[in-house]
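If you want the building blocks of each chain, they are given just below.
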Amino acid sequence: MNARIDSDGADPITYFIEDLTYHGKSERTLTAYERVLRRFEQFLIDRDATPATASQRDCMAFVHSLRDSLARSTVASYASYVHRFYAYMTQTGELDTNPMTLVMAEMDESINTDPTRREISIEEMRTFLDEITHPLERTVMLLLLKTGLRVGECCNLDLRDLNLDAPAVRAEYDYTHRPQLDGRTDTLFISNDIAAGQTVNGEERTASNKRKRVTMIPIDTELKEALIRWLAIRPDTPSSAEPLFGDTGRSWGHRLEPSQVRAFVRKHAKQNGWYRVGGGASENVTPHYFRHFFTTYLRDRTGDRGIVKYLRGDVAQDIIDTYTHDWGNRVRTVYESNIYSLC
């Protein structure tokens, strides 16, 4: 394989990781990609090859070498990282071909996208929330559990993303909600075009929204009451963006960060015996687990995967068209009729 990138001595893996950074990928994602790609690189060195000169046979041998020590799903994940690396580099013209294409097509392994997780009932989750008295922590966790938002999407919310039918809130906060929320009271607007490092609504963001499309999520009575209580005590913020959730600790009033949310969810999960250092997704309760909880229970209650996918923000345009055509009557009615009570 000929590679333009070799002519100036550049490292293709570094090039790729830098571009992922520019695209707003999280530190966790960057670390995972670099770890796998460096392992692939070392394997190639032992075969007198490099990522820029690797053949299909080299890639096949790398995947085979993983099978003795890794689970099938992990083998598939590692292979997908290498495949995405080559797919991106060929699309940008830095490399000429993708030697992983046929390897991926012929692999028997597949990524387990729904690993076995700790089973927590609605009643158990309700009891868990009852023990949380901190208004910010309780409201954020309730929002995550009742909307399926990713933690970064939650932290990126501004006041303008909320249309709450609450006169007391409107009297306290002089803000204008997004025009897309006109006529849609008690609704959250979740953007799909926020990236880490990007300035949005006058403030640089540290987290990305990973939705394929803009999503309008209904707010039920429980979440509405929690938001009203939170907004009654929400600290003033130095940001003109007016983040919905501001820190109540050392960074008083500044936008709540995903790392802070993960920290307090971990704290409460540990206290409840739902988190162990070194435990994986099958054992530990994290903000991402809340998204799994939302998906599982709402899908089982509605029997409608399309609406759940729409609310999660991971659907194609045809589903968006289906569910936004009659949004007020369809999504809201199904959601409010099936969303579980946690208070």
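Residues numbered from 1 in each chain as written. Predicted model: local features only at pLDDT ≥ 70, side-chain atom pairs only at ≥ 80, totals over all residues. Heavy atoms only, no water.

**Structural notes on the nonpolar core**
Working step 1: With 60 residues, the main nonpolar core has M125, F245 and F290 as its most contacted residues.
Working step 2: When residues in this core are grouped by element, the largest group, seven residues, is from helix α7 (residues 135–147).
Working step 3: Excluding residues that lie within four positions of it along the chain, F245 makes contacts with L136, T139, V140, L143, C154, L227, W230, H254, R255 and L256. (Core = buried A, V, L, I, M, F, W, Y, C linked by side-chain atoms within 4.5 Å. Buried < 20%, exposed > 50% of the residue type's maximum accessible area, 1.4 Å probe, protein only. Helix = DSSP H or I, 4+ residues; strand = E, 2+ residues; numbered from the N terminus. Contact = heavy atoms within 4.5 Å.)

**Overview of the confidence of the model for the protein chain**
Working step 1: Within the protein chain, residue pLDDT values average 88, and 91% of them lie at 70 or more.
Working step 2: At the low end of the mean pLDDT range in the protein chain sits helix α14 (residues 317–325), at 55; at the high end sits α7, at 98.
Working step 3: For the stretch residues 1–8, pLDDT sits under 50, and the model shows 25 contacts to residues farther than four places along the chain or on other chains. (pLDDT = per-residue confidence, 0-100.)

**What about the domain arrangement of the protein chain?**
Working step 1: Domain annotation for the protein chain reports domain 1 (12–112) and domain 2 (122–337).
Working step 2: Computed over C-alpha atoms only, the centres of domain 1 and domain 2 are separated by 34 Å. (Domains from an automatic or database assignment.)

**Points about the pairing of strand β2 (residues 187–190)**
Working step 1: Here β2 shows a buried face lined by T187 and F189 and a second buried face lined by L188 and I190.
Working step 2: As judged from the two bridges shared by strand β1 (residues 162–163) and β2, these two strands associate in the antiparallel manner. Bridge pairing links L162 to L188 in β2.
Working step 3: Where β2 lies against strand β5 (residues 215–218), four bridges are found, and the strand directions are antiparallel. Bridge pairing in β5 links F189 to M216. (Pairing = 2+ DSSP bridges.)

**Points about the packing of helix α2 (residues 27–45) against helix α3 (residues 56–66)**
Working step 1: Contact pair α2 / α3: the axes reach a minimum separation of 10 Å and the direction vectors enclose 115°. Between α2 and α3, the crossing angle belongs to the class labelled roughly perpendicular. Between α2 and α3 lies a crossing of right-handed hand. Residues R39, F40, F43 and L44 of α2 form the contact with α3, whose own contacting residues are D58, C59, A61, F62, S65 and L66.
Working step 2: Partitioned by chemical class, the residues of the contact of α2 with α3 number seven nonpolar, one polar and two charged. (Axes fitted to C-alpha atoms, helices over the stretch in contact; angles between N-to-C directions. Parallel < 35°, antiparallel > 145°, perpendicular 65-115°, else oblique. Left-handed = near helix turned anticlockwise from the far one by under 90°. Nonpolar A, V, L, I, M, F, W, Y, C, P; charged D, E, K, R; others polar.)

**Some points on the packing of aromatic side chains**
Working step 1: Scanning all chains against the criterion turns up 13 aromatic pairs.
Working step 2: Three or more aromatic residues link up through ring pairs in this structure, and these residues are F16, Y33, F40, F43, F62, Y81, F85, Y86 and Y88.
Working step 3: Its end group placed over the ring of Y175, R170 keeps NZ or CZ at 4.6 Å from the ring centre. (Phe/Tyr/Trp six-rings, centres within 6.5 Å; stacked < 30°, edge-to-face > 60°. Lys NZ or Arg CZ within 6 Å of the ring centre and 35° of its normal.)

**A short note on helix α6 (residues 122–130)**
Working step 1: For α6, every residue scored as buried is listed here: I122, M125, F128 and L129. End-on view of α6: buried residues confined to an arc of 120°, all on one side of the axis.
Working step 2: Residues of α6 that are buried sit in contact with α7, α11 (258–271) and α12 (287–302). (Arc of directions from axis to C-beta.)

**Some points on the state of the cysteines**
Working step 1: Evaluation of the coordinates by the stated rule reveals zero disulfides.
Working step 2: As a non-bridged cysteine, C154 has C155 as the owner of its nearest cysteine sulfur, 5.2 Å distant. (Disulfide = S-S within 2.5 Å.)

**Considerations on the sheet that holds β2**
Working step 1: Spatially, three strands are ordered β1-β2-β5 in an open sheet, and the strand pairing comes out antiparallel. Since the sheet does not close on itself, it has two edges, and those belong to β1 and β5, each with one partner.

**Observations concerning the pattern of salt bridges**
Working step 1: By the definition in use, this model includes 18 salt bridges.
Working step 2: Here R38 ties to E34 by a salt bridge, and the two come within 3.5 Å at their closest N and O atoms. Pair noted here: R38 and E34 are both in helix α2, with a separation of four residues, about one helical turn.
Working step 3: Look at E34 and you get partly exposed, because its relative accessible area is 32%. (Salt bridge = Lys/Arg side-chain N within 4 Å of Asp/Glu carboxyl O.)

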